[in-house]
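Observations on the three-dimensional arrangement
Each chain, letter by letter, is given below.
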Amino acid sequence: MESMTVAEIAAAVHGVLRGAEGEFPAVSAVSTDSRSLVPGCLFVPWVGEKYDGHDFTDAALEAGAAGCLCARLPETLRPDRFYIQVTDTRLALKALAAHCRDRFDIPVVQITGSVGKTTTKEMIASVLESRLRVWKTPGNYNNDIGTPLTLLGLTAEHQAAVIETGMNHPGEIRYLGEMVRPDIAVISNIGDAHIEFLGSRQGILEAKCEIFENLREGGLVLLNGDDPLLNTIQPPFRTVRCGHSKGCQVRITEIADYGVEGITCSVETGQDVYRMSVSAPGEHMAYPAAMAVAVGEELGLSRQEIIRGVSAFRASGSRMRVLRFPGGRVLLDDCYNASPQSVTAALEVLAKTACDRRVAVLGDMGELGDLTDQAHYNIGALAAMLGIDFVIAIGAKAAGIAEGTVQSGGSAVHFAAKEQAAAELREQLGEGTAMLVKASHAMGFSQLVEQLRKEYD
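Definitions and limits used
- Residues numbered from 1 in each chain as written.
- Predicted model: local features only at pLDDT ≥ 70, side-chain atom pairs only at ≥ 80, totals over all residues.
- Heavy atoms only, no water.
- Helix = DSSP H or I, 4+ residues; strand = E, 2+ residues; numbered from the N terminus.
- Rg over C-alpha atoms; globule rule 2.2 N^0.38 Å.
- Contact = heavy atoms within 4.5 Å.
- Areas by Shrake-Rupley, 256 points an atom, 1.4 Å probe, with all protein chains shown as cover.
- Lys, Arg positive; Asp, Glu negative; His and termini not counted.
- Charge placed at Lys NZ, Arg CZ, Asp CG, Glu CD.
- Salt bridge = Lys/Arg side-chain N within 4 Å of Asp/Glu carboxyl O.
- Buried < 20%, exposed > 50% of the residue type's maximum accessible area, 1.4 Å probe, protein only.
- Pairing = 2+ DSSP bridges.
- Axes fitted to C-alpha atoms, helices over the stretch in contact; angles between N-to-C directions.
- Phe/Tyr/Trp six-rings, centres within 6.5 Å; stacked < 30°, edge-to-face > 60°.
- Lys NZ or Arg CZ within 6 Å of the ring centre and 35° of its normal.
- Expected span 1.5 Å × (residues − 1).

**Description of the overall build of the chain**
Of the regular secondary structure elements, the chain holds 15 helices and 20 strands. Relative to its length of 457 residues, the chain is compact, with a C-alpha radius of gyration of 24 Å against a globular reference of 23 Å. Considered along the principal axes of its C-alpha atoms, the chain spans approximately 75 × 55 × 40 Å. In the chain, the proportion of contacts linking residues at least 24 apart, taken out of those at least 6 apart, comes to 63%. About 18,800 Å² of surface is accessible on the chain, with carbon and sulfur atoms providing 48% of the total. The centroid of the 41 positive side-chain charges in the chain is displaced by 3 Å from the centroid of its 57 negative side-chain charges.

What follows is the structure, given as structure tokens:
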């Protein structure tokens, strides 16, 4: 974060300075967590459903915070700390982030979508980093806390920013976009994720399209050109569609799938043809590569820089991470999150993996509403259809996965909780076996992956 004076912060958040006397050093960091703050930072107490960060204001100041934003002042104000009183700390953090974004005249890319947001962010950033100093959303900091904290991380050294924004309710992308105000808006696809709160795919589409409301004048829209719902819209901006379809301006051709080793593909634009290698498995990886090509061309990168950036891409976290163990064992760690679309893609990768035996460890998919039962059953049926040798289904909802597998001619076992399944996973991951581990993040399947790593590393 570029340093700000206390007066600048107060003006940005429309706050009132209380109790402070004299001059305070400029602030160059912001924290919403009193347990892990940087000395000299600005503390912003967050009000959640089950807690109120204002209860920890005194502790944060004692731990070294220079001052705080607060909607509720402590009973006693320290003379050596500053207090900026605001109506709502959430809105104040948003205003501060928007002010920070306005300090930098650099191209900003905002990304949303049902599946593949983080992968698309990482791919675009990888391409831009072949020439520019890029600031990108760390991890999954894509909500109403993470997005402003990401924007506050911008500094004078950055030449571009790639910001991922997520949502599970209407209005959230609009709220985040009011801070980000992108020059390029990207929608990766429209799927069933969070349909429980949005009612239908049409509702999801409308929520994702809020990204256009804060796109800067003259901005560019990038859409998945093979997504049926995205093809029903025509944003009031210059729009480029990326995909296999003939109507796409950035077209994917000549895909070669090398299983867990990744893919190669060609991406054709009106400007050039790019023959590229992607180290992550799955033909769906061609979409973020194509979108990264479009962004690279838009920002004036050379052909060599774009190809080099795509080749340098590496999947982040538990997103189809390929782990190899002795005896020809392969573990596909894709347990960061799950939706019907992402599980389908993961099963297709598993089915194409060269090995003697294929096992899928699948857990609950969340926030699917009325689609829950059918979606889980369908995933089990797909596993059987793809020839997956064995399915381990874990979780209350995943009972439908086991049922769908068995009724479609496959083999499966169901466990209510992951702790009950640990021994079965060790037994099933025999020599020459490829095992996929995938579920919604709340299932905590990363623990299963770590247990297997300790077993075989």
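**Comments concerning the pattern of salt bridges**
Should the charged atoms of two oppositely charged side chains come close, the side chains can pair. All told, the structure shown has 28 salt bridges when counted by the stated rule. Between Asp 33 and Arg 35 there is a salt bridge, with the nearest N and O atoms lying 3.0 Å from each other. Judged by its relative accessible area of 22%, Asp 33 falls in the partly exposed class. Where Glu 305 meets Arg 131, a salt bridge forms, and the shortest distance between an N and an O atom there is 3.0 Å. Linking Glu 305 in helix H10 (residues 303-312) with Arg 131 in the loop between helix H4 (117-128) and strand E7 (134-136), this pair joins segments that are 174 residues apart in sequence. Several salt bridges share partner residues, and in doing so they unite Glu 62, Arg 78, Asp 80 and Arg 81 into one network.

**What about the sheet that holds strand E15 (residues 321-325)?**
In space, the six strands of this open sheet follow the order E15-E16-E20-E17-E18-E19, with mixed pairing throughout. Because the sheet does not close on itself, it has two edges, and the strands there are E15 and strand E19 (412-415). Here the strands of the sheet are splayed against their neighbours by 15° on average, with no regard to which way each runs. Both strand E17 (residues 357-363) and strand E20 (residues 433-438) contribute to a ladder of six bridges, which runs parallel. Within E20, the residue paired with Ala 360 across the bridge is Leu 436. Set on the sheet, helix H14 (residues 418-428) makes contact with E17, strand E18 (390-394), E19 and E20; between it and E18 the angle comes to about 165°.

**A few points about the sheet that holds strand E4 (residues 67-70)**
The strand order across the open sheet built from five strands is E1-E5-E4-E3-E2, with neighbouring strands paired in mixed fashion. Two strands lie at the open edges of the sheet, namely strand E1 (16-18) and strand E2 (30-31), each paired on one side alone. As paired elements, E1 and strand E5 (residues 82-85) share three bridges and run antiparallel to each other. Bridge assignment links Leu 17 to a residue of E5, and that residue is Ile 84. Together, E2, strand E3 (42-43) and E4 form the strand contacts of helix H3 (residues 89-102), whose direction differs from that of E4 by roughly 120°.

**A short note on the packing of aromatic side chains**
The way to describe two aromatic rings as a pair is by their centre distance and the angle between their planes. This structure, assessed with the given rule, holds two aromatic pairs. Measuring from centroid to centroid gives 5.7 Å for Phe 24 and Phe 82, while their planes differ by 75°, and the two rings are edge-to-face. Here Phe 24 is found in the loop between E1 and E2, whereas its partner Phe 82 is found in strand E5, with 58 residues between them in sequence. For the cation-ring pair, Arg 319 lies above Tyr 336, with the distance from its terminal atom to the ring centre recorded as 3.9 Å.

**Side note on helix H11 (residues 340-352)**
With 13 residues, H11 should reach 18 Å at 1.5 Å per residue; the first-to-last C-alpha distance of 19 Å fits that figure. Looking at H11, one finds that the buried residues are Pro 340, Ser 342, Val 343, Ala 345, Ala 346, Leu 347, Val 349 and Leu 350.

**Here we look at the pairing of E5**
Here four bridges tie E4 to E5, and the two strands are oriented parallel to one another. When the bridges of E5 are listed, Cys 68 appears paired with Tyr 83.

**Looking at the pairing of strand E8 (residues 160-164)**
The buried fraction of E8 is high, at five of five residues. Covered by surrounding structure in E8 are Ala 160, Val 162 and Glu 164 together with Ala 161 and Ile 163, the residues of both alternating faces. Taken together, the four bridges between strand E6 (residues 108-112) and E8 define a ladder with parallel strand orientation. Paired with Ile 111 across the two strands is Glu 164, which belongs to E8.

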